[in-house]
Amino acid sequence: MPELPEVEVIRRGLERWVAGRAIASAEVLHPRSVRRNTGDLPARLKGRPLLSAERRGKYLWLPLGDGDPADPREAEEALVVHLGMSGQLLLTDRGAPAERHLRVRLGFADDGPELRFVDQRTFGHMLVAPLASAYGRRVPEPITHIAPDPLEEAFDDDGFAHRLTRRRTGLKRALLDQSLISGVGNIYADEALWRARLHWARATETLTAAEVTELLAQVRAVLTDAIAQGGTSFDSLYVNVNGESGYFGRSLAVYGRQDEPCPRCGAPVRRDPFMNRSSYSCPKCQPWPGDARP
DNA sequence: ATTTCAACCTGGCCGC
DNA sequence: TGCGGCCAGGTTGAAA
């Protein structure tokens, strides 16, 4: 479900409503929703403050204090969350009835609203992990293989261009590879490619430096626009921590708009099968690269 | 080494 | 109303 903009909107909600609070209790209602520390997640969390809310790409983490406010050392561990396709983090009153797909609930020492992890398809997960260095930043050890996302200071434009054009694959496949550039998923890949007028199947090794520059600019533009509108909500599956939907769905140019007119030229948007999924594009603005067919 | 693809799940929607 | 088939925003690990 959520890509970078949706995760960032959630991160901001956590930063505002959860950072600084100490965990009093943790309850795991579905074993698949916890990785690695299966079974002892509650013990690892109890009594510890959540210091802040961080994000790289589609991963969220909350650095954990050690429970002693008189000894404010830099965090060595964090509670890591990946939302998968359908995960939600919701702040709810402690007495509120359990959601249908409630998987983990965290109660706080201040007796305020609790944090609930709700996940219909259970592709998402949580875990406690040590922090390690990767691409100039302290991140959870399990995500050190993830590249910085294009909104991070640490993102290296020239390095990206170099690695991208050395690949032997299609452009959209590369955009979805989180070890090359993180945060981009199916929706925003299609939207950025449309904005940059590039076809999803374009061979990466044929891209010019100018095309990569334009692509990166459009990736950043679409992610930034989406964050400003609270993310994209097709249905009730994506909401912020207060249960509210985002409005970027109405700004999508091609994604999910098969046969509707391209906002730029009016040609009917095309849908192509892509990796057991779909790619949406404009047949006129984004013509097949040369004679290549998928 | 690099690239591709099935598998992990549940539920909503569509057509018969 | 019911049932099968299809689709859904992600990542991983293993195979090619």
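Residues numbered from 1 in each chain as written. Chains lettered and ligands numbered in written order. Predicted model: local features only at pLDDT ≥ 70, side-chain atom pairs only at ≥ 80, totals over all residues. Heavy atoms only, no water.

- By the naming in an unreviewed UniProt entry, chain A is Formamidopyrimidine-DNA glycosylase, taken from Thermobispora bispora.
- Looking at chain A in UniProt, the text filed under Sequence similarities (unreviewed entry) is "Belongs to the FPG family."
- Under the heading Subunit (unreviewed entry), UniProt records this for chain A: "Monomer." (UniProt positions renumbered as here; feature names shortened; annotations may be inferred.)

### Let's talk about helix H5 (residues 186-196)
1) Next: With 10 of 11 residues buried, H5 is to be regarded as a mostly interior element.
2) Next: Buried within H5 we find Asn-186, Ile-187, Tyr-188, Ala-189, Asp-190, Glu-191, Ala-192, Leu-193, Trp-194 and Ala-196.
3) Next: Elements in contact with the buried residues of H5: helix H1 (4-17), helix H4 (171-175), helix H6 (209-228), strand S10 (270-274) and strand S11 (277-281).
4) Next: Immediately downstream of H5, the backbone of Arg-197 shows phi near 60°, a positive value. (Buried < 20%, exposed > 50% of the residue type's maximum accessible area, 1.4 Å probe, protein only. Helix = DSSP H or I, 4+ residues; strand = E, 2+ residues; numbered from the N terminus. Contact = heavy atoms within 4.5 Å.)

### Points about the packing of aromatic side chains
1) Next: Under the criterion given, the structure shown has five aromatic pairs.
2) Next: Consider the rings of Phe-155 and Phe-160, whose centres lie 5.6 Å apart with planes at 50°: the pair is tilted. The burial state of Phe-155 is the same as that of Phe-160; both residues are buried.
3) Next: Over the aromatic face of Trp-194 sits the side chain of Arg-264, whose NZ or CZ is 4.0 Å from the ring centroid.
4) Next: A cation over an aromatic ring shows up here: Arg-270 above the ring of Trp-288, its NZ or CZ 5.5 Å from the ring centre. (Phe/Tyr/Trp six-rings, centres within 6.5 Å; stacked < 30°, edge-to-face > 60°. Lys NZ or Arg CZ within 6 Å of the ring centre and 35° of its normal.)

### Focus on the state of the cysteines
1) Next: Within the structure shown, the criterion is met by zero disulfides.
2) Next: Of all cysteine sulfurs, the one in Cys-265 lies closest to Cys-282, which takes part in no disulfide; the gap is 3.5 Å.
3) Next: Under the relative-accessibility criterion, Cys-282 is labelled buried at 0%.
4) Next: Cys-282 provides the cysteine sulfur closest to Cys-285, a residue in no disulfide bond, and the two sulfurs are 3.6 Å apart. (Disulfide = S-S within 2.5 Å.)

### Notes on the UniProt feature "domain: FPG-type" (unreviewed entry) in chain A
1) Next: Here, the residues flagged by UniProt with the feature "domain: FPG-type" (unreviewed entry) are residues 253-287.
2) Next: For the annotated span residues 253-287, helix accounts for 0% and strand for 29% of the residues, and the straight-line distance between the end C-alpha atoms is 16 Å.

### Let's talk about the protein's contact with DNA strand C
1) Next: Not every one of the 22 residues close to DNA strand C is listed here, only the nearest: Lys-58, Thr-232, Tyr-255, Arg-277 and Ser-278.
2) Next: Per the 4 Å cut-off to the protein, sugar and phosphate atoms form 54% of the nearby atoms of DNA strand C.
3) Next: Residue Lys-58 places a side-chain N or O atom 2.8 Å away from a phosphate oxygen belonging to DNA strand C.
4) Next: Ser-278 has a polar side-chain atom sitting 2.7 Å from a phosphate oxygen of DNA strand C.
5) Next: For the surface near DNA strand C, the elements supplying multiple residues, two or more each, are H5 and S11.
6) Next: Along the lines of polarity and charge, the residues of the surface near DNA strand C split into eight nonpolar, nine polar and five charged. (Near = heavy atom within 4 Å. Polar contact = N/O pair within 3.5 Å; in protein donor to acceptor, adjacent residues only side chain to side chain. Nonpolar A, V, L, I, M, F, W, Y, C, P; charged D, E, K, R; others polar.)

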